[in-house]
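A structural walkthrough
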Amino acid sequence: MADAKIIDGKAFAAKVRERVGRQVAALKDKHDLTPGLAVVLVGEDPASQVYVRNKGKQTAESGMNSFEHKLDISTGQDTLLALVNQLNDDPKVHGILVQLPLPDQIDEQAVLAAIDPAKDVDGFHVVNVGRLSTGSEALVPCTPRGCLMMLKDAVGDLSGKKAIVVGRSNIVGKPMFQLLLGESCTVTVAHSRTQDLPGECREADILVAAVGRPGMIKGDWIKPGATVIDVGINRVEGEGGKTRLVGDVDFDSAVKVAGAITPVPGGVGPMTIACLLANTVTAACRQHGVEEPEA
Ligand code: GUN
């Protein structure tokens, strides 16, 4: 069988960003509205710093206002909550993202709960989680939203397909389950206690891997022709002591069996920030009661 089609997340994300750029231009033009995204980073975790820098850069490139708040690692919960409240009240800010993980002295759930659900562009607030699960208008977490876009592009109509989501995190696994269910897939959510995980995976037309275990899902776990979305970003020791990024799927064996597959890097990763920008446009339009430009 021929190797799988490689789903190019970088090119896909560039298209999403171009669309966002056209929407932002239309909003400025027609409604004098410039969407604004505020990102809050506590501490100096290197991976988070890279994310935040990229978010700021891409937000500005799309024509939106970008606000960055960098707080010291020792920041207390009250200070962070005061900043969140200030951003909730700021009419120039339409989206708020507090970068996770937060230092130990801060209660993550309390901070997420303090964000105005209308500005919660991460889709982590329980109100948005509840809205997504009941099929009402929600802000949807960025990574699963990006995965769904790529899946729809690769597969077309998802209705009736068997899907498996490997991983049950609040950020990816659970919202991915809700989105696939919303597309009328028959969805299994697998996790560390699942019995016969390879057998469960082999049943699936669509496999989304989000477990954080490098190369765990092997080619012979995959149904021939299935579409595989690899959310994992794992840094492993490579040749010559250098590190490299790998996914949760063993790409070399999987590419021989799957029908289409996302690579790591260059698959899901670039889509996350692109969807964050798209969520910010959505949030700004809803806050101002204007229709989202088609662009
Ligand atoms: N840390 C890693 N990914 C994310 C994300 O999507 N949102 C937030 N807030 N923090 C993260």
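Above this text you will find the structure in question.
Summarised in this report is the structure supplied together with it. Values in this document were obtained by computation on a predicted structure and should not be read as measured data.

Moving on, we get to the nonpolar core. If you look at the biggest cluster of nonpolar residues, it comprises 51 residues, and the most contacted ones within it are Val20, Leu151, Met176, Leu180, Val208, Ile229 and Val231. Of all the secondary structure elements, the ones that give two or more residues to this core are helix H1 (9–31), strand E2 (36–42), helix H6 (142–155), strand E5 (162–166), helix H7 (173–182), strand E7 (206–209) and helix H10 (268–288). Ranked by the residues each element gives to this core, the list is headed by H10, at 11 residues. Here Met176 is in contact with Pro144, Cys147, Leu148, Leu151, Val165 and Val208, once residues within four sequence places are set aside. Core analysis: the second largest hydrophobic core is formed by 21 residues, Val166, Ala190, Ala226 and Val257 among them.

On to the sheet that holds strand E11 (residues 260–261). Strand order in this open sheet of six strands is E1-E11-E8-E7-E5-E6, and the pairing throughout is parallel. The open sheet has two edge strands with one neighbour each: strand E1 (5–6) and strand E6 (186–190). Sheet topology places strand E8 (residues 227–230) next to E11; two bridges connect them, and they run parallel. Along E11, the bridge assignment pairs Thr227 with Ala260.

Next up on the list: the site of the ligand. The environment of the ligand is formed by Tyr51, Leu97, Val98, Gln99, Leu100, Asp122 and Phe124. At a separation of 2.9 Å, a nitrogen atom of the ligand approaches a polar backbone atom of Val98. Contact distances for the ligand include 2.9 Å between a nitrogen atom and a backbone N or O atom of Leu100. In the complex, 82% of the free accessible area of the ligand, which totals 280 Å², lies under the protein chains. At a threshold of 2 Å from the grid points, most atoms of the ligand map onto the largest pocket. When the residues that make up the shell around the ligand are grouped by side-chain class, the tally is five nonpolar, one polar and one charged.

What counts and what doesn't
Residues numbered from 1 in each chain as written. Predicted model: local features only at pLDDT ≥ 70, side-chain atom pairs only at ≥ 80, totals over all residues. Heavy atoms only, no water. Core = buried A, V, L, I, M, F, W, Y, C linked by side-chain atoms within 4.5 Å. Buried < 20%, exposed > 50% of the residue type's maximum accessible area, 1.4 Å probe, protein only. Helix = DSSP H or I, 4+ residues; strand = E, 2+ residues; numbered from the N terminus. Contact = heavy atoms within 4.5 Å. Pairing = 2+ DSSP bridges. Near = heavy atom within 4 Å. Polar contact = N/O pair within 3.5 Å; in protein donor to acceptor, adjacent residues only side chain to side chain. Areas by Shrake-Rupley, 256 points an atom, 1.4 Å probe, with all protein chains shown as cover. 1 Å grid on protein atoms, 1.4 Å probe; cavity = no way out; pocket = protein on both sides within 12 Å on 5 of 7 lines; lining within 4 Å. Sits in = over half its atoms within 2 Å of the grid points. Nonpolar A, V, L, I, M, F, W, Y, C, P; charged D, E, K, R; others polar.

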